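Take a look at the letters that make up each chain.
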Amino acid sequence: MSTNDDSQWPLWEVFTQGARGEPFEHAGSIHAADAELALQNARDVYTRRGEAVNLWVVPSNAIVASAPSDAGPFFDPGNDKPYRHPQFYVAPRGVRIF
Amino acid sequence: MAAPRHTAVANPLAEYLQRLGDDRLVLGHRLSEWCGHAPILEEDIALSNMALDLIGHATSILALAGAVEGQGRDEDALAFFRDGTAFRNALLVEQPNGDFAVTLVRQFLFDAYSVLLWDQLSHCGHEGLAAIAAKSLKEDKYHLRHSSEWVVRLGDGTDESHARTQRALDTLWKYTAELFERDAVDDAVAAMGIAVDTAALRSLWDGLVNDVLQRATLTRPPETGPRRGGRTGRHSEHLGHMLATMQSVARAHPGARW
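Every value quoted in this text rests on a predicted model; they were computed, and no experiment measured them.

Chemist: I keep staring at the pattern of salt bridges and nothing clicks. Help me out?
Modeler: For side chains bearing opposite charge, pairing can occur when the charged atoms are close. Per the counting criterion, the structure on display carries 22 salt bridges over all chains. Here B:Glu15 makes a salt bridge to B:Arg88, at a shortest N to O gap of 2.5 Å. With B:Glu15 in helix H1 (residues 12-32) and B:Arg88 in the loop between helix H3 (75-80) and helix H4 (91-94), this pair connects stretches of sequence that are 73 residues apart. We classify B:Glu15 as buried; its relative accessible area is 13%. Residue B:Arg164 is joined to B:Glu160 by a salt bridge in which the shortest nitrogen-to-oxygen separation is 2.7 Å. Highlighted residues: B:Arg164 and B:Glu160, both in helix H7 (residues 159-172), separated by four residues, approximately one helical turn. A residue is classified by how much of its surface remains accessible, and B:Arg164, at 35% relative accessible area, is partly exposed. Look at the salt bridges and you will find they share partners, linking A:Asp34, B:Glu149, B:Arg153 and B:Arg215 into a network.

Below is the structure:
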């Protein structure tokens, strides 16, 4: 199959909000020529069974992503630094612990 | 009640409901013909979704029509075991898909009508019909948004898309007048509390359509030689071919359940 880079409309990332107040979550991506049709397409592909009360569409090329090769230095959780975790600290008597 | 302007029908309410149901069944089937064939995956999904919505509306309406008729026909019997001459859909919705512009212009012209009609019927005096109208209105509003955005982009797009969209509009325009015609059936159901203000409907439709055509840089065609007959079972040659396909499985396996 030949390359068909020009046959597709721009790619958009779709974010859905399941209920008011909830965070928007990435649902997937769609192709669309412009923002209004991106919303339409996102609605059809990702929200038609009541999955969302709100939609964001974002041009995929507007997303700045970390590279997998950054995984080490970028995301090192620092497990050797226990004081980063709240469990490290002893709660004073009388403080209700949830 | 005004004097009948056509041959009186035995059960005007059943007849009226069949008109509403058949419009949506036939258009829904036409849209479903794009399944697997639309220009891109997203549009394939959109058109198939709209097809399902319309067939869903038709199911509710034809079930009600069967109940009102009282002869033991359910929505499946009405959809799959009536011949073309018994169908009451407007000629517009049975027109073939053509290219993408024809499909979207046909959809837009009907969506604009359907949204305005449901809006009126959602306040009508028949509780069951009003409920179906209110439910269908929500989905048709989305359809109208989809089809009008597409008409604007196709009309105000490239020279090629503009020419094709104008051609589609010129071809389909003569079928729009039928949507707003009144006959004895309309008068009879109006007497039962299902009155549609056709003049208001037409005027709102004109405004809505003109606005979109202007945004789409398309020219509204002149009103010449309107085509009619669908409401009394006189259809174009296209309906029979469509029904042959649509009804083939149900007729080959009558009563089948799965």
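Picking up where we left off.
Chemist: Any chance you could explain the packing of H1(B) against helix H10 (residues 237-252) of chain B here in plain terms?
Modeler: Residue and element names in this part refer to chain B. Running from N to C, H1 and H10 point in directions that differ by 75°, and their axes come no closer than 11 Å. For the element pair H1 / H10, the angle class is roughly perpendicular. Each of Leu25, Val26, His29 and Arg30 in H1 lies in contact with H10, whose residues at this interface are His238, Leu239, Met242 and Met246. Classifying every residue of the contact of H1 with H10 by side-chain character gives five nonpolar, two polar and one charged.

Chemist: Please clarify how the sheet that holds strand S1 (residues 11-17) of chain A should be interpreted in this entry.
Modeler: By way of backbone hydrogen bonds, the strands of a sheet pair with one another, either parallel or antiparallel. Residues and elements named next belong to chain A. If you walk across this open sheet you meet the three strands as S2-S1-S3, and the pairing is antiparallel. The sheet is open, and its two borders are formed by strand S2 (24-31) and strand S3 (54-59), each paired with just one other strand. Direction aside, the axes of adjacent strands within the sheet are offset by 25° on average. In the packing of helix H1 (residues 35-46) onto the sheet, the strands contacted are S1, S2 and S3, and the crossing angle to S2 comes to about 110°.

Rules behind the numbers
Residues numbered from 1 in each chain as written. Chains lettered and ligands numbered in written order. Predicted model: local features only at pLDDT ≥ 70, side-chain atom pairs only at ≥ 80, totals over all residues. Heavy atoms only, no water. Salt bridge = Lys/Arg side-chain N within 4 Å of Asp/Glu carboxyl O. Helix = DSSP H or I, 4+ residues; strand = E, 2+ residues; numbered from the N terminus. Buried < 20%, exposed > 50% of the residue type's maximum accessible area, 1.4 Å probe, protein only. Axes fitted to C-alpha atoms, helices over the stretch in contact; angles between N-to-C directions. Parallel < 35°, antiparallel > 145°, perpendicular 65-115°, else oblique. Contact = heavy atoms within 4.5 Å. Nonpolar A, V, L, I, M, F, W, Y, C, P; charged D, E, K, R; others polar. Pairing = 2+ DSSP bridges.

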